[in-house]
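# Per-entry structural report
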Amino acid sequence: MRKNQKQYYKQLRQNRLDNGLCGRCGKNPIVTGLVVCETCQFKKRANRDRQISNGKCQDCGVASLATKTRCINCKIKVDQGWKKRKAIVYNAYGGFNCSCCGETEEAFLSIDHINNDGAEQRRNGQRGASIYPWLIKHGFPSGYQILCHNCQWGKRTYGICPHQQQKIQAEAFIYPF
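Residues numbered from 1 in each chain as written. Predicted model: local features only at pLDDT ≥ 70, side-chain atom pairs only at ≥ 80, totals over all residues. Heavy atoms only, no water.

Empty space left among the atoms is revealed by rolling a probe the size of a water molecule over them. Considered as a void within the structure, the largest pocket measures approximately 1100 Å³ in volume. In terms of lining, the largest pocket is formed by 26 residues, of which the most central are Gly33, Leu34, Val35, Gln41 and Lys44. At the level of secondary structure, the elements contributing two or more residues to the lining of the largest pocket comprise helix 2 (38–53), helix 3 (72–92) and helix 5 (131–137). Looking at which element gives the most residues to the lining of the largest pocket, the answer is helix 2, with six residues. Grouping the amino acids of the lining of the largest pocket by side-chain chemistry returns seven nonpolar, 10 polar and nine charged. In this model, the second largest pocket occupies a volume close to 610 Å³. Forming the boundary of the second largest pocket are 22 residues, of which Ile111, Asp112, His113, Arg122 and Gln152 lie nearest the centre. Contributions of two or more residues to the lining of the second largest pocket are made by strand 1 (109–113), helix 4 (118–123), helix 5 and helix 6 (149–158). Examining the composition of the lining of the second largest pocket, we find that five residues originate from one element, helix 6, more than from any other. Here the residues of the lining of the second largest pocket are counted per class, giving seven nonpolar, nine polar and six charged. (1 Å grid on protein atoms, 1.4 Å probe; cavity = no way out; pocket = protein on both sides within 12 Å on 5 of 7 lines; lining within 4 Å. Points joined across faces, edges and corners; volume = space filled by probe spheres on them. Helix = DSSP H or I, 4+ residues; strand = E, 2+ residues; numbered from the N terminus. Nonpolar A, V, L, I, M, F, W, Y, C, P; charged D, E, K, R; others polar.)

A few words on unusual backbone geometry. With a phi angle near 55°, Asn116 is a residue other than glycine that sits in the positive phi range. Look at Phe140: it is not a glycine, yet its phi comes out positive at around 55°.

Here we take up the pattern of salt bridges. For the structure on display, the rule yields five salt bridges. One salt bridge in this structure joins Lys75 and Asp79, with 3.0 Å as the shortest N-O distance. Of this pair, Lys75 and Asp79 both sit in helix 3, four residues apart, roughly one helical turn. Of the residues examined, Lys75 reaches a relative accessible area of 36% and is grouped as partly exposed. Accessibility expressed as a relative area gives 30% for Asp79, which makes it partly exposed. Lys155 serves as the salt-bridge partner of Asp112, at 2.6 Å between the closest nitrogen and oxygen. Residue Asp112 is found in strand 1, and its partner Lys155 is found in helix 6; the two are separated by 43 residues along the sequence. We classify Asp112 as buried; its relative accessible area is 7%. (Salt bridge = Lys/Arg side-chain N within 4 Å of Asp/Glu carboxyl O. Buried < 20%, exposed > 50% of the residue type's maximum accessible area, 1.4 Å probe, protein only.)

Shown next as C-alpha cells:
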C-alpha cells in the first residue's frame, strides 16, 4: 500500500470515528469504548477464532507457534507496542521507580490506584496492560502512581504500605505532641 493510500484510509477512519460511526465500515454507530460497531466486532472475533482454530496467527494468518495464537513476528510487534505504551505511562507518572520505597527494577513495578478504586475500573473491562492505552487516551489522569508489588500488597493488606507506616511512627516518636 502506498503512503498516500495509508494516509487516506487513516483520515477516513478518523473522520468516521469523529462522527460516531464505525471506523471499519462507516455505517453503524460504534460500541462504547471501541472503535467499531457490533457487526464488525462480531466479524473480527469470528475471523480471529477461525484463524486460531486452524492453527494460524490471529493477526496475519501465518502458521502460529505451537499452542499459541500469534506467529513470532506478530508476537514481537505486540510486545514492542506494549512495552512502548508502558514506558510512556511510567514516565508520565514519575519514571520506573516505586513512589514509596524507590524500587527501580521494572519487573517489580506496576500501576497503583491511589484511592483503591481499581475494582470499579476492572469491572468496566480495564484489565492488565489495557490500562496503558486508556491512561494515554485520557491524558494521564491523577489518581494513579507507580508502586512496586511489595508496596502495593502492603497497601492492600494493611491499608498503608509498611514503609509509610514506619515513617509515621518515626515522626510520631520524634514529635510526640
